[in-house]
Amino acid sequence: MKKLLLLVMSCVLVMSLAACSGGSDTDVTGGVEIKKVSDMKGTVRVALAGWQLDNGINTQTGNPTIGLNEYLDQTFNKMYPNIKLELYQIPWENVKAKQSAMLLSGDADVLYTGGAFASQWYQEGLLRDLDDLIKEDKSFDPSIYLAGIMNNSYSTKSPDGSKQFGIPVALGRRMTIYDKKLFEDWGVEPLTAKADPAEILEKAKKMSGKNPKTGEDNYGLFWSGNSLNGSTFVALTLAFGAKGAEGSLKDVKSIKWHLNTPEMVKVMEWLKEAAKLPPAGFVNAQGAENFGLEKNNIAIALDSSGGSTMNEYQSKKNKDLLDRFEPVLNMGPKGEGWVAVDPFIMAKNAKDVKASWEVLKFLTSPMTQKYMYENFAQTPTLKKADFVLPEDKYVKKALEIAEVGHSELMDEANPFYMSDIVPAVNGFISKAATGNAPDIQKFLDDLQQRAEKWTANLK
């Protein structure tokens, strides 16, 4: 499951940093004067998945980046001079095992992690509810965060939605992006602002083949055919009203499965048709290496991030590619899709709850989110992210999608979804790409039976 978060953060933290020594005179506060907030004393142990502690270089743009240590020196350490921070940096590759061990042994107070892990740990009783801290702290305003992810995500809320255990700080960017140049070459009308699966498929079919202007091979569509979180499948279930399941993760044994409904048949029929259009490598998430760049040959990319295009703009300040690659909403009825949410959480047995809350609150604050966006292209979780570059239409579109986002049982927090449904759907896509798609109703009937058996075995 961690690989899916690695994919998420490859969209969000789009660069790999080379560590370098020495400080920097760069002001990370935007000119804001930092003053002491409190004399509170304490020690807080913070386990961070993937954050860069040292100054470095953005290898995609060549721009310098400020590491977390220097950022904290300029900000938090001045605001809370008597709170000592012990930072533990953990690579995404093995973060679940490491952070699980830290929670079980009581070696961490505050953690930044992947949303699926946070949801699992909460259900295992390893995390602390934050509602009392939020209620008592008049300086903390939960309404500054996007409602769709603050209030409707398994990454931040208890399975029944009654308790807040996480504060969202980073989003994955997944939107539909199309190449206006290829649309013009083929004489196809641009995608509408909220293109549904039918429109996407119809227009993608018109742009598969030899480009009438360049003579080059074009592909009408691309998505990752082996996605570990099945994000395109999630968006399709929303678009076609295919719930897949009813119930709550609070009581997994009572989930009622609806995987072989007429609505789910429509989802699989769409995938069967669409699988004929991408380059063959899409079943292994390959073939779109040039999407967002000058040599692109794909008309429409689903669940795309815009990262390559923004990197080109930031390194060369050339707006041509920005004008060429246009984002629209995802495929759900309100333009929603699957939104990856990474939160900060607090351990159930945090040693110093008050100091830990001040740290958690600071690390999810607008100031810190501005710092992470400017240095690492992290997508913020704020309703008002006025620090986002005017040219960064991809982050702005991602925020629109997140505002209407919501978790469903067709989601990575659902263990059967991750263990069985996603691999089965990816296998279907792979066979459909070669013209050997299984019988859809039989495929779904089998999946339904497996789901029911899985639930029965939990009782």
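The rules behind each value
Residues numbered from 1 in each chain as written. Predicted model: local features only at pLDDT ≥ 70, side-chain atom pairs only at ≥ 80, totals over all residues. Heavy atoms only, no water. Helix = DSSP H or I, 4+ residues; strand = E, 2+ residues; numbered from the N terminus. Buried < 20%, exposed > 50% of the residue type's maximum accessible area, 1.4 Å probe, protein only. Contact = heavy atoms within 4.5 Å. Lys, Arg positive; Asp, Glu negative; His and termini not counted. Charge placed at Lys NZ, Arg CZ, Asp CG, Glu CD. Pairing = 2+ DSSP bridges. Axes fitted to C-alpha atoms, helices over the stretch in contact; angles between N-to-C directions. Parallel < 35°, antiparallel > 145°, perpendicular 65-115°, else oblique. Left-handed = near helix turned anticlockwise from the far one by under 90°. Nonpolar A, V, L, I, M, F, W, Y, C, P; charged D, E, K, R; others polar. Core = buried A, V, L, I, M, F, W, Y, C linked by side-chain atoms within 4.5 Å. Salt bridge = Lys/Arg side-chain N within 4 Å of Asp/Glu carboxyl O. Expected span 1.5 Å × (residues − 1). Arc of directions from axis to C-beta. Polar contact = N/O pair within 3.5 Å; in protein donor to acceptor, adjacent residues only side chain to side chain.

Draft legend 1. The overall build of the protein, seen in detail. Summing up its helical and strand segments, the protein has 18 helices and 14 strands in all. In terms of its C-alpha atoms, the protein occupies a principal-axis envelope of roughly 65 × 60 × 35 Å. When each of the 459 residues of the protein is scored for burial, the buried share is 56%. Long-range pairs, those at least 24 residues apart, make up 78% of the contacts in the protein between residues at least 6 apart in sequence. Taking the average location of the 53 positive side-chain charges in the protein and that of its 58 negative ones, the two points are 2 Å from each other.

Draft legend 2. A look at the sheet that holds strand S8 (residues 209–210). Read from one edge to the other, the open sheet built from five strands follows the order S8-S9-S12-S7-S13, with strand pairing classed as mixed. Two strands lie at the open edges of the sheet, namely S8 and strand S13 (325–328), each paired on one side alone. With respect to the sheet, helix H16 (residues 393–403) is in contact with strand S7 (175–179) and S13, its orientation differing from that of S13 by roughly 10°.

Draft legend 3. Spotlight on the packing of helix H11 (residues 262–274) against helix H18 (residues 440–458). Running from N to C, H11 and H18 point in directions that differ by 125°, and their axes come no closer than 10 Å. Taken together, the axes of H11 and H18 are oblique relative to one another. The handedness of the crossing between H11 and H18 comes out as right-handed. From H11, Met 264, Val 265, Met 268, Glu 269 and Lys 272 reach across to H18, where they touch Ile 440, Gln 441, Phe 443 and Leu 444. For the contact of H11 with H18, a count of residues per class yields six nonpolar, one polar and two charged.

Draft legend 4. Focus on the nonpolar core. Counting 147 residues, the largest nonpolar core has Leu 221, Phe 233, Trp 257, Leu 271, Ile 300, Phe 344 and Ile 421 as its most contacted members. Tallying contributions element by element places helix H17 (residues 415–433) first for this core, with ten residues. Every residue in contact with Ile 300, bar those within four places of it in the chain, is listed here: Thr 176, Ile 177, Tyr 178, Phe 183, Leu 191, Ile 200, Ala 204, Met 207, Gly 220, Leu 221 and Phe 222.

Draft legend 5. Main features of the pattern of salt bridges. Counted under the stated rule, the structure contains 22 salt bridges. Here Lys 250 and Asp 160 are joined by a salt bridge, their closest N and O atoms 3.1 Å apart. Taken together, the positions of Lys 250 in the loop between strand S10 (244–246) and strand S11 (256–258) and Asp 160 in the loop between helix H7 (147–150) and strand S6 (166–171) put the pair 90 residues apart, joining distant regions of the chain. For Lys 250, a relative accessible area of 59% corresponds to the exposed category. With relative accessibility at 39%, the residue Asp 160 sits in the partly exposed group. Lys 316 serves as the salt-bridge partner of Glu 312, at 3.1 Å between the closest nitrogen and oxygen. Here Glu 312 and its partner Lys 316 are both found in helix H12 (residues 307–316), four residues apart, which amounts to about one turn of the helix. With a relative accessible area of 24%, Glu 312 lands in the partly exposed category. Ionic contacts of the salt-bridge type, sharing partners, join the residues Asp 137, Glu 358 and Lys 361 into one network.

Draft legend 6. Summary view of the pairing of strand S14 (residues 341–346). Counting buried residues in S14 gives six out of six residues, a clear majority hidden from the surface. Judged by which residues are buried, S14 turns out to be covered on both faces: Val 341, Pro 343 and Ile 345 on one side and Asp 342, Phe 344 and Met 346 on the other are all buried. Pairing of strand S5 (residues 110–112) with S14 involves three bridges; the strand directions are antiparallel. When the bridges of S14 are listed, Val 110 appears paired with Met 346. With five bridges connecting them, S6 and S14 associate as antiparallel partners. Counted as the bridge partner of Ala 170 is Asp 342 from S14.

Draft legend 7. Quick peek at H18. When the terminal C-alpha atoms of H18 are compared, their 27 Å separation across 19 residues agrees well with the 27 Å that a helix rising 1.5 Å per residue should span. Along H18, the positions that sit buried rather than exposed are Ile 440, Phe 443, Leu 444, Leu 447, Gln 448, Ala 451, Trp 454 and Thr 455. Along H18, the residues classed as buried sweep out an arc of 135° about the axis, all on the same side. Turned more than 90 degrees from where H18 packs its buried face, Lys 442, Gln 449, Lys 453 and Asn 457 sit exposed. Of the surrounding elements, those touching the buried residues of H18 are S11, H11 and H17. At the N-terminal end of H18, a side-chain oxygen is found 3.4 Å from the backbone nitrogen of Gln 441, two or three residues along, and the residue is Asp 439.

Draft legend 8. Representation of the sheet that holds S14 in the model. The strand order across the open sheet formed by five strands is S4-S1-S5-S14-S6, and the pairing between neighbours is mixed. Unpaired on one side and paired on the other, strand S4 (83–90) and S6 mark the two borders of the sheet. Sheet twist, expressed as the average angle between the axes of neighbouring strands with direction ignored, equals 20°.

Draft legend 9. How the structure looks around the environment of Lys 351. Mapping Lys 351 onto the fold places it in the loop between S14 and helix H14 (353–363). C-alpha of Lys 351 to C-alpha of Pro 168: the two residues are 183 residues apart in sequence and 22 Å apart in space. Not counting chain neighbours up to four residues away, the residues in contact with Lys 351 comprise Arg 45 and Asp 109.

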